[in-house]
Amino acid sequence: MGNKVKGNVKDTVGDLTNNTKMQAEGKWDKAKGATQEKIGEAKEHFSDDEAHPSK
């Protein structure tokens, strides 16, 4: 979640200051955060399956 928040701030500040480099960094950080979130969800799903296997 940290990367998504940091990315959102950078993207917004970059937009307000017309700093395209900061906007790009913000978009990258948001994408990285979203990817990390999805990986975490997948890990949680698979660890739940291992803890409660089907019969």
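Let me sum up the structure you'll find in this document. (Residues numbered from 1 in each chain as written. Predicted model: local features only at pLDDT ≥ 70, side-chain atom pairs only at ≥ 80, totals over all residues. Heavy atoms only, no water.)

### Here we look at the pattern of salt bridges
The condition that has to hold: Salt bridges are defined by distance alone: a side-chain nitrogen of Lys or Arg within 4 Å of a carboxyl oxygen of Asp or Glu. Only DSSP runs of H or I reaching four residues or more are called helices, and only runs of E reaching two or more are called strands; each is numbered from the N terminus. For each residue, the accessible area found with a 1.4 Å probe, counting protein chains only, is set against the maximum for its type, and the residue is called buried under 20%, exposed over 50%, and partly exposed in between.
Scanning the entire structure with this criterion turns up 7 salt bridges. Where Lys-10 meets Asp-29, a salt bridge forms, and the shortest distance between an N and an O atom there is 3.2 Å. Separated by 19 residues along the polypeptide, Lys-10 in helix α1 (residues 2-16) and Asp-29 in helix α2 (residues 20-51) bring together distant segments of the chain. On the accessibility criterion, Asp-29 (5% relative accessible area) is buried. A salt bridge links Lys-21 to Glu-25, with the shortest nitrogen-to-oxygen separation between them at 4.0 Å. Taken together, the positions of Lys-21 and Glu-25, both in helix α2 and 4 residues apart, correspond to about one turn of that helix. Exposure remark for Lys-21: the relative accessible area of 61% places this residue in the exposed category. Glu-25 gets classed as partly exposed once you look at its relative accessible area, which sits at 31%. Among the charged side chains, a network of salt bridges with common partners joins Lys-10, Lys-21, Glu-25 and Asp-29.

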